[in-house]
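As a plain string of letters, each chain reads:
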Amino acid sequence: MGAVVDAIHSQAHPHPQPTPSRCGVSITKATSGSELIFGGADPSKYTGSITYISVSIQEYWEFPMVSVSVGSTSISSSTYAIADRGTALIVGPTAQVESLSGALDGTYDSNSQLYTVDCHTRSLSSFPNVTFTIGDTVFILTPLQYLWITGDQSTGCICYSVFSPSDSSDSNGNLFWILGDYFLYRYYSVFDILNNRVDFATSISYDWMPTVDSSLFPTSSTTTEISSIPNRGNSTVHRPAMHFSLFALIVMVATRYMNSF
């Protein structure tokens, strides 16, 4: 996402007219459609204050991340991350995702290359929150925000966590996390070119929750509908890529912007 914003800005920069220095991205599940804004952020798409974090390596707008935790268990500290709309899951260094999944009592499934968790005999309250600390702000994902539930009542449901292992490294050799759609559904993101930073705020869709089969999470309050599972996309590749629909939108906006001069 950030690389595309850079490309548009660099092409527009030689002209004397103002250029779009900020790009706000909203991905919603509670309402239809998502939003991409050039030139600023849309305050109607987030609540509370914005967390500003300086970019440490310009490649993919990488920024430092203080820590990743599962409940009270620290998984990693002093790591790096990028925010990528082109990645469906949340991808992290293999050893760190293994530790995270172990804290969730997950079991690795070689077919899907994801971790399954037991949602048939465990209550929802037994699953801890997963937190990402960026700057001085803690970004929380609750259990239904980090679980994929697939299947139906006749074949049975399978529950996956959305944390996928992959050892992506930057130009300095540092491993980093890719905060994909499952993070960006919950947190509004802004790519600020002039200040060389990435900004996050709580999205208006933060409280949206998928519905799950009534046979899951005993003692939990559930409904009888199975949640839909989005396309996994390129979540295990070492370099992020844009979804075609968002890429097409950016190209269209950029073309119209350049043709206006």
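Per an unreviewed UniProt entry, the recorded name for the chain is Peptidase A1 domain-containing protein, and the organism is Rotaria magnacalcarata.

A.B. asks: Residues and numbers for the pattern of salt bridges, please.
C.D. replies: For the structure on display, the rule yields five salt bridges. For the salt bridge of K45 with D42, the shortest nitrogen-to-oxygen distance reads 3.4 Å. With a closest N to O distance of 2.9 Å, D181 and R85 form a salt bridge. Here D181, found in helix α4 (residues 181–184), pairs with R85, found in the loop between β5 (73–83) and β6 (90–92); they are 96 residues apart in sequence, far enough to count as distant.

A.B. asks: Residue-level account of the state of the cysteines, with values.
C.D. replies: In total, this model carries one disulfide according to the counting rule given. Note on cysteine connectivity: C119 is disulfide-linked to C159, with sulfurs 1.7 Å apart. Between C119 and C159, the disulfide has an S-S torsion of 75° and is therefore right-handed. On the criterion of sequence distance, the pair formed by C119 in the loop between β8 (114–117) and β9 (130–134) and C159 in strand β12 (residues 156–161) is long-range, its members being 40 residues apart. The buried category is assigned to C159, whose relative accessible area is 2%. C157 forms no disulfide, and the closest cysteine sulfur to it belongs to C159, at a distance of 6.6 Å. The exposure class of C157 is buried, given its relative accessible area of 9%.

A.B. asks: Now, about helix α2 (residues 94–103): what can you tell me, with residues and values included?
C.D. replies: Of the positions making up α2, those classed as buried are Q96, V97, L100 and S101. Along the axis of α2, the buried residues cluster in a sector spanning 135°; they form a single face. Downstream of α2 by a residue or two, D105 has a phi angle that is positive, lying close to 60°.

A.B. asks: Which residues make up the pairing of strand β11 (residues 147–152), and what values go with them?
C.D. replies: Looking at chain direction, β11 and β12 are connected through six bridges and run antiparallel. Among the inter-strand pairings, T150 is bridged to a residue of β12, identified as I158. Hairpin connection, β11 to β12: the antiparallel pair is bridged by three residues.

A.B. asks: Explain the environment of W61 to me, using residue names and the numbers behind them.
C.D. replies: Note that W61 resides in the loop between β3 (46–54) and β4 (63–70). For W61, a relative accessible area of 1% translates into the label buried. In this structure, the C-alpha to C-alpha distance between W61 and V198, residues 137 residues apart in sequence, is 7.5 Å.

A.B. asks: Account for the sheet that holds strand β7 (residues 107–109), naming residues and giving values.
C.D. replies: Ordered in space as β7-β8-β12-β11, the four strands form an open sheet in which the pairing is antiparallel. The open sheet has two free edges, formed respectively by β7 and β11, since each of these has just one partner strand. The mean angle between the axes of side-by-side strands here comes to 40°, regardless of whether they run parallel or antiparallel. Bridge analysis of β7 against β8 gives three bridges, and the strand direction is antiparallel. Each residue of the ladder has a partner; that of Y108, found in β8, is Y115.

What counts, and where the lines are drawn
Residues numbered from 1 in each chain as written. Predicted model: local features only at pLDDT ≥ 70, side-chain atom pairs only at ≥ 80, totals over all residues. Heavy atoms only, no water. Salt bridge = Lys/Arg side-chain N within 4 Å of Asp/Glu carboxyl O. Helix = DSSP H or I, 4+ residues; strand = E, 2+ residues; numbered from the N terminus. Disulfide = S-S within 2.5 Å. Buried < 20%, exposed > 50% of the residue type's maximum accessible area, 1.4 Å probe, protein only. Arc of directions from axis to C-beta. Pairing = 2+ DSSP bridges. Axes fitted to C-alpha atoms, helices over the stretch in contact; angles between N-to-C directions.

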